[in-house]
Amino acid sequence: MSVSKLNEREKRYVDGLLSLLEETSPSVRQFYLEELENQRNTLKLIASENYSSVSVQAAMGTLFTDKYAEGVPFHRFYAGCEVVDKLESECAEACRRLFGADFAYVQPHSGADANLVAYWAILSQRAMDPILEEIGEKNMSKLTPADFTRIREACHNQRLMSLDYYSGGHLTHGYRMNVSAQMFDVRTYSVSEKTFMLDYDDIEKAALEFKPLVLLAGYSAYPRAINFRRLREIADKVGAVLMVDMAHFAGLVAGGVFSGDENPVAFADIVTSTTHKTLRGPRGGFILAKSHLAPFVEKGCPLVIGGPLEHVIAAKLVAFKEALKDDFKTYAANIVRNSRALAAELVSQGVSVLTGGTDNHIVLVDVNKSFGLTGRQAESSLRSIGITLNRNALPFDVNGPWYTSGIRLGLGALTTRGFVESDMKEIASVIKLVLGSTRPAKSTSKDGVVGLSKTLFELDSKAESEAKGRIAKLLEGYPLYS
Ligand code: PLP
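Because the structure is a prediction, the values reported are computed rather than measured.

> When you look at the site of the ligand in this model, what are you seeing that I'm missing?
In the vicinity of the ligand lie 13 residues, with Gly111, Ala112, Ser220, Asp245 and Lys277 positioned nearest. Between a nitrogen atom of the ligand and a side-chain N or O atom of Asp245, the distance comes to 2.6 Å. For the ligand, the protein covers 84% of the area, taking 390 Å² as the surface of the free molecule. Put simply, the ligand lies in the second largest pocket. Here the shell around the ligand takes three residues from helix α5 (residues 111–135), the largest share from any one element.

Right under this line is the structure:
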């Protein structure tokens, strides 16, 4: 797959789309063109983004958007689903095959959706089902109000153990602002204060003490491989369901970078994911499950979600087929090569990289330690010269989740665009130049106190224009849709 140059058919497709929109919706056409310029003229280092193929985008823009299909293939609550039944079955089978799973469920609209379905599938199996068994009635609608209340209460306050948000866990893993924290009694584990990596003995100790129903692993911002065999052992010791959210690194699993103990599919009872990060598909989610959980996952609609988005499922199928090809393995390996090279270059230029390197697509930089900036200032300063990335909270962050002390760099998108290891020296050097030339600006509080802002910054104008020129030169080498 190449995004540098569209082939003739892709070009005709995009031209056709633009001329249609020109007639029907000029503002949408204009926004499309503006976004194209935005993505074309900046260095996209956002770890959760990528560039999908035009085929993925085209499959999403189809009449499948018009079809309702509540239920599962061949067992629907809507008529006229004969074709989408075939589409969805083929998509689930491609997904199952790609990851070597027992079962795949491709209806979740997003990663957050997938996690919610997974939680409720686990609760259905472990908390609801034993009660239904005891009552001798499997049909929820036939339960007495008292029995239904018993079921609801059994599902509430079950224990979930997950990676702390500051250590790289996701909001949906029991963060208080998310519904997951209201559903579960949550205990988090953190990375080690010394190494900033997972300490499995510590996790085991905490799990033996807390005895969670669900032991959850997975991250949004953690740069190292995880030993899932070890987590399986811990889950077995405490009788927990092992759930893994591989939203970020699904492409590295599909591409064979994470194999053996580092492949969650072999060890987890249930694995959730997005389709749009390193996997390079449309925005969406999916779930893989071992056979014992499959019947509960399959009830995701109506348990959590409504009608599946069949147009997105069509695009997921295109993406899974792309990932099944041999060149996806090369892509996945190149992501890690690029990430390691960028981390090594930053370290060699004296920048503080968490854990000293990376095993995946993520590089975390402590901009507070290296440059005396908040993540927010670093993010804005880099954006001003054409590098797009996210600020990110770091373990034990003194600046909180809004300002943060870190930035998260991800190499999935640039690797799709064609960047190679030898480009990383220049990228690291521009980042160092810009952040080293950025200072927190002074600001005055409501009470008239003058201090250093955590948001506003000043970037030296000479460094700014030099960095802009160097980014433009880097981008010239790897055009997007030229
Ligand atoms: N899980 C993890 C680990 C994530 O990083 C994210 C998104 O960044 C999600 C779930 C949520 O995915 P979505 O934005 O598709 O809901």
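> Would you explain empty space enclosed by the protein in this entry?
Sizing a probe to match a water molecule and rolling it over the atoms shows the empty space that remains. Applying the stated criterion across every chain yields a total of one cavity of 30 Å³ or more. Space inside the largest cavity adds up to approximately 40 Å³. The wall of the largest cavity is formed by Tyr166, Ser167, Val191, Phe196, Ala221, Tyr222, Pro223, Leu354, Leu364 and Pro395. Its residues placed into classes, the lining of the largest cavity shows nine nonpolar, one polar and no charged. Taken together, domain 1 (64–323) and domain 2 (326–476) each give at least three residues to the lining of the largest cavity, which thus spans both.

> I keep staring at the packing of aromatic side chains and nothing clicks. Help me out?
Two measures describe an aromatic ring pair: the distance that separates the ring centres and the angle between the ring planes. Counted by the stated rule, this structure contains 13 aromatic pairs. Note on Phe196 and Phe396: the rings are 6.5 Å apart at their centroids and 40° apart in plane angle, and the pair reads as tilted. Pair noted here: Phe196 is in the loop between β6 (184–189) and α8 (200–210) and Phe396 is in the loop between β13 (390–392) and α18 (400–403), with a separation of 200 residues, a long-range link. The partly exposed category is assigned to Phe196, whose relative accessible area is 25%. You can call Phe396 partly exposed: its relative accessible area is 39%. An aromatic cluster of three or more residues is present, and its members are Tyr219, Tyr222, Phe228, Phe249 and Phe258. The cationic tip of Arg391 hangs over the ring face of Trp402; the distance from NZ or CZ to the ring centre is 4.5 Å.

> Is there a simple way to think about the sheet that holds strand β11 (residues 362–366) in this case?
In a beta sheet, neighbouring strands are held together by backbone hydrogen bonds and run either parallel or antiparallel to one another. On the basis of which strands lie adjacent, the open sheet formed by three strands has the order β11-β14-β13 and antiparallel pairing. Looking at which strands have only one partner, the edges of the open sheet turn out to be β11 and β13. In this sheet, neighbouring strand axes are inclined to one another by 35° on average, regardless of whether the strands run parallel or antiparallel. As judged from the five bridges shared by β11 and strand β14 (residues 406–410), these two strands associate in the antiparallel manner. Directly across from Ile362, in β14, lies its bridge partner Gly410.

> I'm lost on the layout of surface pockets in this one. Help?
Here the largest pocket defines a volume of roughly 800 Å³. Lining the largest pocket are 26 residues, with Glu35, Gln39, Asn50, Ser52 and Gln57 positioned closest to its centre. Where the lining of the largest pocket is concerned, the elements lending two or more residues are α1 (8–24), α2 (26–40) and α3 (54–60). Residue contributions to the lining of the largest pocket peak at five residues, all from α2. Lining the second largest pocket we find 30 residues, and of these Tyr165, His170, Leu171, Ser220 and Arg408 sit closest to its centre. Taken together, the elements giving at least two residues each to the lining of the second largest pocket come down to α5, β13 and α18. Residues belonging to the lining of the second largest pocket are distributed by class as follows: 10 nonpolar, 15 polar and five charged. Each of domain 1 (64–323) and domain 2 (326–476) accounts for three or more of the residues forming the lining of the second largest pocket.

> Looking at this structure, how should I read the environment of Lys194?
Considering the arrangement of structural elements, one finds Lys194 in the loop between β6 and α8. With 262 residues separating them in the primary sequence, Lys194 and Leu456 have C-alpha atoms 31 Å apart.

> What am I meant to see in unusual backbone geometry here?
Generally, phi is negative for residues other than glycine and the peptide bonds are trans, each holding for most cases. Residue Pro302 is bonded to the preceding Cys301 through a cis peptide linkage, with omega at 15°. With respect to the element layout, Pro302 can be found in helix α13 (residues 300–303). Even without glycine at this site, Phe396 takes up a positive phi of about 60°. Residue Tyr481 is not a glycine yet carries a positive backbone phi of 55°. Here Tyr481 is to be found in the segment after α21 (461–477).

> Help me out: how do you make sense of the pattern of salt bridges in this one?
Should the charged atoms of two oppositely charged side chains come close, the side chains can pair. Enumeration according to the criterion identifies 26 salt bridges in this entry. Of the charged contacts in the structure, one is a salt bridge between Arg40 and Glu37, with a shortest N-O distance of 3.1 Å. Of this pair, Arg40 and Glu37 both sit in helix α2, three residues apart, which is roughly one turn of the helix. With a shortest N-O distance of 3.9 Å, Arg76 and Glu310 are connected by a salt bridge.

Rules used in this analysis
Residues numbered from 1 in each chain as written. Predicted model: local features only at pLDDT ≥ 70, side-chain atom pairs only at ≥ 80, totals over all residues. Heavy atoms only, no water. Near = heavy atom within 4 Å. Polar contact = N/O pair within 3.5 Å; in protein donor to acceptor, adjacent residues only side chain to side chain. Areas by Shrake-Rupley, 256 points an atom, 1.4 Å probe, with all protein chains shown as cover. 1 Å grid on protein atoms, 1.4 Å probe; cavity = no way out; pocket = protein on both sides within 12 Å on 5 of 7 lines; lining within 4 Å. Sits in = over half its atoms within 2 Å of the grid points. Helix = DSSP H or I, 4+ residues; strand = E, 2+ residues; numbered from the N terminus. Points joined across faces, edges and corners; volume = space filled by probe spheres on them. Nonpolar A, V, L, I, M, F, W, Y, C, P; charged D, E, K, R; others polar. Domains from an automatic or database assignment. Phe/Tyr/Trp six-rings, centres within 6.5 Å; stacked < 30°, edge-to-face > 60°. Buried < 20%, exposed > 50% of the residue type's maximum accessible area, 1.4 Å probe, protein only. Lys NZ or Arg CZ within 6 Å of the ring centre and 35° of its normal. Pairing = 2+ DSSP bridges. Axes fitted to C-alpha atoms, helices over the stretch in contact; angles between N-to-C directions. Salt bridge = Lys/Arg side-chain N within 4 Å of Asp/Glu carboxyl O.

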